[in-house]
Structure formats: C-alpha cells, structure tokens
Amino acid sequence: MVPELSPEEERLLIRDISVAAESDTKEGDTFFLITHRWWQSWLDYVNQEMLVEPANGSYETAALNSRRRPPAIDNTDLIDDATSEEVSNVEMELHDTLVEGRDYILLPQPVWEKLHGWYGGGPILPRKAINTGLSQADLAIEVYPLRLQLILIQKGERAIVRISKKDTVDDLHRKACDVFELTLDQVNIWDYYGQQKHALMDNMDKTLDDANIQMDQDILVEILSDSMDGGSSLQENGYPERDSSSMLIDASGTTENTSNYYTSPSSELDNNTTATTATATANNTMHGTNHIATRGAGPVGLTGLLNLGNTCFMNSAIQCLVHTPEFAKYFREDYHREINWQNPLGMVGELALAFGDLLRKLWAPGRTPVSPRPFKTKLARFAPQFSGYSQHDSQELLAFLLDGLHEDLNRVKHRPYIKTRDADGRLDEEVADEYWANHIARNNSIIVDVCQGQFKSTLVCPVCEKVSVTFDPFMYLSLPLQSASSRSMTVLVFSGISPPSPVTVSVPKQGRFRDLIQALSNSCSVKSGERILLAEVRGYTVYQFLEDPVLLLSTIKDDDHLVAYKVPKLEKNATTYVQFIHRREEPELANSSSSTTWKPFGVPLVYQISRNSTKIFDLYQIVNVMLSPMKLNQGPNYTGNSTSNYQTTCGMKLQLLEKGNSCLDLFEEEGEKAIAVPANSISAVVFVNWSKMDLKRYDVTSMENIPEVVKYAPPLKRTRGEPLSLYACLDAFLREEPLVPEDMWFCPRCKEQRQASKKLDLWRLPDVLVIHLKRFSFSRSTKHKLETFVDFPLHNLDLTNYVANKRSSHRQSYELYALSNHYGSMASGHYTAHIKLLEENRWYNFDDSHVMPINEDEVKSAAAYVLFYRRVKGEDTAISNGRYRFYNSNHR
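Residues numbered from 1 in each chain as written. Predicted model: local features only at pLDDT ≥ 70, side-chain atom pairs only at ≥ 80, totals over all residues. Heavy atoms only, no water.

K.L.:
Where do I start with the nonpolar core in this structure?
P.N.:
Where a protein is soluble and globular, its nonpolar side chains tend to be buried together. Membership of the largest hydrophobic core comes to 57 residues, with the highest contact counts inside it found for Phe327, Phe331, Phe375, Leu379 and Phe868. Here this core takes 8 residues from helix H6 (residues 312–322), the largest share from any one element. Other than its neighbours up to four places away in sequence, Phe868 contacts Cys320, Leu321, Thr324, Leu398, Leu769, Val770, Glu815, Leu816, Tyr817, Ala818 and Leu819. If you look at the next biggest cluster of nonpolar residues, it comprises 41 residues, including Val606, Met652, Leu654 and Leu666. (Core = buried A, V, L, I, M, F, W, Y, C linked by side-chain atoms within 4.5 Å. Buried < 20%, exposed > 50% of the residue type's maximum accessible area, 1.4 Å probe, protein only. Helix = DSSP H or I, 4+ residues; strand = E, 2+ residues; numbered from the N terminus. Contact = heavy atoms within 4.5 Å.)

K.L.:
Could you clarify how one ought to interpret the packing of H6 against helix H10 (residues 394–408) in this entry?
P.N.:
Between two packed helices, both the angle of their axes relative to each other and the distance between the axes serve to describe the pair. It is the contact of H6 with H10, at a shortest axis distance of 9 Å, that shows an interaxial angle of 50°. One finds that H6 runs oblique with respect to H10. Seen from above, H6 lies across H10 with right-handed handedness. For the pair H6 and H10, contact is made by Phe313, Met314, Ala317 and Leu321 and by Ser394, Leu397, Leu398, Leu401 and Leu402, respectively. (Axes fitted to C-alpha atoms, helices over the stretch in contact; angles between N-to-C directions. Parallel < 35°, antiparallel > 145°, perpendicular 65-115°, else oblique. Left-handed = near helix turned anticlockwise from the far one by under 90°.)

K.L.:
What should I look at first to understand the packing of helix H1 (residues 7–22) against helix H2 (residues 36–46) in this one?
P.N.:
Closest axis-to-axis distance for the H1/H2 pair is 8 Å, and the angle between their directions is 120°. Comparing their axes, H2 and H1 come out oblique. Packed against H1, whose contacting residues are Pro7, Glu8, Glu10, Arg11 and Ile14, the element H2 presents Trp42, Tyr45 and Val46 at the interface. Each residue belonging to the contact of H1 with H2 can be placed in one class, and the counts come to 5 nonpolar, no polar and 3 charged. (Nonpolar A, V, L, I, M, F, W, Y, C, P; charged D, E, K, R; others polar.)

K.L.:
Sorry if this is basic, but what is going on with the sheet that holds strand S5 (residues 126–131) here?
P.N.:
The strands making up a sheet associate through hydrogen bonds between their backbones, and the pairing can be parallel or antiparallel. The strand order across the open sheet formed by 4 strands is S3-S1-S5-S6, and the pairing between neighbours is antiparallel. Pairing within the sheet leaves two strands with one partner each, and these edge strands are strand S3 (104–108) and strand S6 (139–141). Within this sheet the neighbouring strands show an average axis-to-axis angle of 35°, counted without direction. Looking at chain direction, strand S1 (residues 30–35) and S3 are connected through 5 bridges and run antiparallel. Its bridge partner being in S3, Thr35 is matched across the sheet by Tyr104. Along the sheet, H2 contacts S1 and S3; its crossing angle with S1, the most-contacted strand, is approximately 85°. (Pairing = 2+ DSSP bridges.)

K.L.:
When you look at H1 in this model, what are you seeing that I'm missing?
P.N.:
Each α-helix turn comprises 3.6 residues. Residues three or four places apart therefore point the same way. The end-to-end C-alpha separation of H1 is 22 Å, in line with the 22 Å expected for 16 residues at 1.5 Å each. Residues of H1 that are buried include every one of Pro7, Glu10, Arg11, Ile14, Ile17, Ser18, Ala21 and Glu22, and no others. Angular distribution of buried residues about the axis of H1 spans 140°; they occupy a single face of the element. Against the buried residues of H1 lie H2, S3, helix H4 (109–119) and helix H9 (373–382). (Expected span 1.5 Å × (residues − 1). Arc of directions from axis to C-beta.)

Printed below as a string of structure tokens:
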C-alpha cells in the first residue's frame, strides 16, 4: 500500500505535474473532467497549512482540523441521467449547461491519474485535445463533441450522435450507415442546416469543422433511389406514416432509444472549451426564397471568457486589453509582419500570436463564451508563475503581457548600444527628446505607440546638493493609496540635550525596524559616533529591546509604547544595557498606618555600559547626565570623575537589582567599586529612588507618560467620510521624498551612497494611460488589502497641470473606458472588468463568461483596481453625439 502523503506533499506534487503537463500539451492528449465541488475541497485540504496567522496571534486549530481529507472523487453531478445509460464512462452524456471553472475543472492525464490513484471514484470522463487553428499550438479540449441529429426521411427515422468536429466527413458517413444499418454506397449525406439542403457532403477528407457543421444541427441521410426497397409508405411531406422514433448515439456508436425528439437548450450553442463563433441554433428554421440559411452576426465585443479555475484575474485583464480600441484594430489586421521572431527578450512571437488569436475570437460575431485555455497554456510556458489554478494579481499579469507583447512586436531587430549623456545644464526639453529618441531607437512597437509615457526624475544629494535629472519611460502609473503606503509612528525620544519629547515620523507601512531607526536618526540629528536604541516599554520598565533591523514594523500595535534612546556606538560583545527604573514613595493603600512603599513611575532611562569595567560612580554620572535636560536651575551638574561628591551631586539613591531579586544599596558602597553584571543578562536593572526633595529639583512631567505609537485622527486635507480622490493619489506619487535606506543613490560628486531626495514629474503622456491603484501590500508573513474608495473621474481626467513639459498648449484630458475590479479578500477575491463599448457609448460588466449591461453610476466602487484611460483630443475637445471624439492613434 502506497503511504499517504501529507497535504503539502500532495499540493507540491500536483503543482509540479500540472506545470510540466501544461507546457507540453499536444493534439490528441487526453484530459479528464473533475467536478469543481470535489476539486475545491481538495484545494482547501492541501492549502490548509498556508493559512496566515489570525489577528489574535493563535492559529485556529479547530478550523484546520475540520479540513479533512476529501472522500472519493464523485463526478455524478456532471452526468445527465435523463440521456445516459449506465454502460461505460465514454457513453455518459454530460449536462448541457456545464461551465468550466464553475462546474468542472479539466485535468491533464498525469494529474488525473495521480489524484484518481490516491482517491479513486468516478465516473471517469476523458476528453481529447484538438487543434483549433493554423499552428500546432492552437489547442483546446473538446468537452462537448458535436451533437448532430441524423434524419433518414425515407424510413422516418432519426438518431442523435456525438462526433468530434475534427473527425472527417467520411467518419460521419460511416457512422450514419452504422446507425441505420446501411451500406456506404447506398447513402449520401447532406448539410441540412435550417431544415434546408445546404450542401452535399461528398468531400470525404474534409473535417466537419472545415465543412462548417455546427452543434445541434441536422444532417440529412439520403438513400439513393435505386437502393430503396419500397417497403415504406411515405406521406406527401416525405415522412413515413408510422410513428417515428429517435435514438441518441454517442461518439462510440452506442444508441439510446428515446420516445421524444431530442433537443438541446438554445443557450448551449457550442460549449466546447474551444472558442468558436456563435451561430443561430439549428431549430431556427429559415424562410424565404434563399435556400442557404444565414448564420446571424449579432453584436460584437460582448463575448465573455470561461473561467478555467481561478482565472478571473486573467479574464479581467484580457478584456481590458482587447477592448482598447488601438489594440482591437491592430490585432484584427495583419500584425504578423511586425512580429520579431529573433528577439532574445521576447517569446519568439508566440505570445503575440496567442493574444491576437484570442482577441479575434472575442471580437467575432456572437456571444458564446470563449475558452482562454490555449492562451493560458502559452502564458504558462513563458511565465510559470501564472500556471496552475491559483489566484493571481491582474496588475502583475497586465505588466507581463504589455512587456511581453512589446518584445514580441518590437520593430527594432538589432538594438544599437547608446551611451546616455549627462544633462550638463542643458534645457529639459532637449534632454528629454534625446532620452526619448534613444528609447525609440531600441524599443518601437504598438505597445510603445499606445501605452508608454515618460517621467522626469530628479535626484538631489543631501550633502553636496548635486542634481541628477533623467527622463525614463513608463508603461503605467502605480499610485499609492496614502494610508496604504506609509504609517505614522510616534516615539518618545531621549536625545540627551533636551527633555524627552514625542517624535512622529512616517515609515513604510510594511517596513522594517531599520526604516524606523533611520527616520528617527534623521529627525534627531544622530552623529557618527552615536546610534538610536529602540525599546518597547510596559509598566514602567523595558519589555523588549528592538534591535533586529529586519523585524517587521507590523509587529508593533498602534497602542504600544516605544522609546528611543541616543546611545554611543560601542562593541556589543563587551557591553550590556543598564535600565534605570524610577521609583518614588507612596502610601500603602492596603495599610491604615502611615507607612510608605517604593512604587515605579515614568519612563526608564537606558544606557550602554561596559560589562566588566563600569563603576558605581559611572552609574551616578549617567543618571546625572541623562536627567540634566529636566533639571531645574538649582545647582551645577556633576561632570567630574572623582568619587567624593557623586552621591550629593546626583541626589537620588541608586539600588542595583541582584540575583534573587535582592537589592544592593549603591549609595552605601565605594564609588570605585565595579558592578557585577551576569554574563547571560540582557541588561542590568538599577532603581532610582526619588525623594520628595529630588522631585522638586527636576521637571519629570515630560517622562510621566509615553504616547501611543499611533493616535487616531482624521487624515489631513480630508474630512471624515470624504473619499480619496485620484488626484490626491497622483499628488502623493509625485511628491518629493527621500529614498528608502535600502535604495540609496551613488552620488557621482561625493563618490558615496547617499539618501538623496527624489522627485518625479510627468513629462510625456501616452494615448492610453493605465493607472494601477496599489491596494495590495506584501511582506514576509502578512498580506494586506486596502478597501479605500477612490473617487476617479469617468470623464475629463485633466492632467494638464501635472505635465512638467510646457511646450504643448493642448489640454491633457482623458476618458475612462475600462477598469479591472477586485472584490473580497486577497485569498478568496474575485476579479471582473467594466468595459465601455465606444460604439454604443454604454458600460458592460464582464464577469468571466457573463456579460451584462450596467449603468454609468455603477462603474465606481471600492473594488476599482486598474484604470484604463484614453486621451481626449486636447484643445479641440468636443462633444459629438453625446460622447467625446478621440484621437486616432498613429505611430510616433
């Protein structure tokens, strides 16, 4: 017996097998249907170890234990019992209205064999991969072979058969003869679409697909006149007098008698996963003098995409791209001449061909959903991160597609080497044009024509004030949602030169402690021989020292209390920390007498000392120096090294906490005596006992209370409940700010890494502007989505004032035409697309295979994730027939 694998082992094994199988799929390969319900239960089972830790800090073991190993595979909910006989798996008829990704998943044969070997069950439902295009890469899984009604009028018989669209006319001819027990030379077969004799099917080598045979249409089986035995009496309409019977025959030739005419719902035109043009159903009888039935065109651009299993992210991104008018026009024309077959950075043209083929299918007449499986297979080959059935980020896919399509369609076959010149005080316009010309000399494609713009990037050295200006291309704008990108943290700082005071700094929300330490160092003017020591304080004592620079800031809660101490840089191995805990006398509440007790108060002082050579008078000196900024004008500070006056100068009595929680009265010891600090101790603890007289000599109010890390307040420039505008996000994106510590800039003048300030400006805007709202943030152990509602304009996104290049007097105005939405959490979210068909001036919601019209006021929501804007015609902006007139995009 094979040992049972762990859920994680099963997940990794299936993932690896799936990736390998998808990258090597070929015509004739077998795939297997599996019910989505079982597949989802298996995913839940194998992904249980990937759950993130809940907010309360403990894993919910009960929830984990409830995700038990799935039972045997049960595909019976895919079978239509009304039309199936329990004979064998290949003879079972599927329900007509199954949708891939919703009702079933298609598994490559190695994946199915592995799962079936582990779990057993059935029924087994194999389907073949067929070729759907000109190249060997255009594959689809024929879930629903053609269902055809054979009509033998002379004998008054009918039968329904299943046969692959890639089978030949000869295969159908033989099947018809087998069904009606006729010989081949007795029979002709006709394309009988619309109950009309379309064409004699006499080219035996032609496939049924090439013969334009459609799902659920009729095939007329005609017995040649010299073969009729005259045994049947026919009515004037050609049908026999006796009651007709019908049979259902699958691809294997097995028949099933049915008492009624077998028809399918008109909605099931062609539910194969291959993308075919929708046609009128076979029972739409055509009338009039023209005997050739016309397959109606219907609307274009309203075709959905089947969900292959968590591929809504891909469907949403694809719909936005294929409904970009410039791309729709380009890929429906002859773009093959622009494919760069030799580009080492490209995909040998295969990504462009796969995308172009999918776009053409989505713009073909009809509304039958298209399967993106051939495209996904190609995508997985070049971008393995998008293989399998996991949910992904639509923006990440968009970025890969735009870059990949650009490389496949780059008109530059041999990229020249171009050395960038420094600005050297030249005009921005001259430098920007030079940078753009250099870029176009190496990158020239439809993607650059339509989607690429240009930044002006300015870096300033904080030491020598060297200014560096570059002009860089961009494909899209990734705008921060203000509260998602940064976090304000308040820390009480002991600087040593002034009383402790709260300092608020801005740090990356998903940053690390090195970011906070760097921000505090900049704010407190830390010198070269000093450093910032961070500590979390609870109950008047240090709870923990925060010295790990890569520790996530998210581990600190908003109501925690942090203190920063400026300490000297010393060798850590030979040093330790000493924390001075303040105590004062207070009456004992439980005792009716007048006795008092020492109780802690305020913020502890912390300093770094030598582990072996620190003396008692050193401790008194440290306390004196650290408290000196709070001392009232009542005498000089102690600054000497002698031991004669250290007690009286400091005033307070110090006690060293020793092993076993006993206290050593330091004020009774000789000042030259060295204190003993245990080798394994993180810090020494010294109590500072304040007398009433001492409390009068110092102002301790500044260290009585520690502020919380975050105090909640309405954000600046926004009233409570006011939505965040897209313009505010753009302002935050373009705002000047220092580089993060791990992204320092090498100053060519200083010859050192510097934390320069960086300022971005928009210099050149594209015809199609893609804007990504940064809702997601990731760290080593946490994932976060911001549900902020962003108010973005549907009309007249005016960026004129944001463009630093003032040579053009035209307005920079844009109109929204598409957006990708993300609903729900990161783990179980769902993507859709809102698309505006410019021909109709109407908005539609594309939710995988479902396409529905929506009102304009339904377009905006907190789910908006990636926005697609198209340029309006500058100064000549006009309203025509209720909508904007757009530029025609030409190659620059």
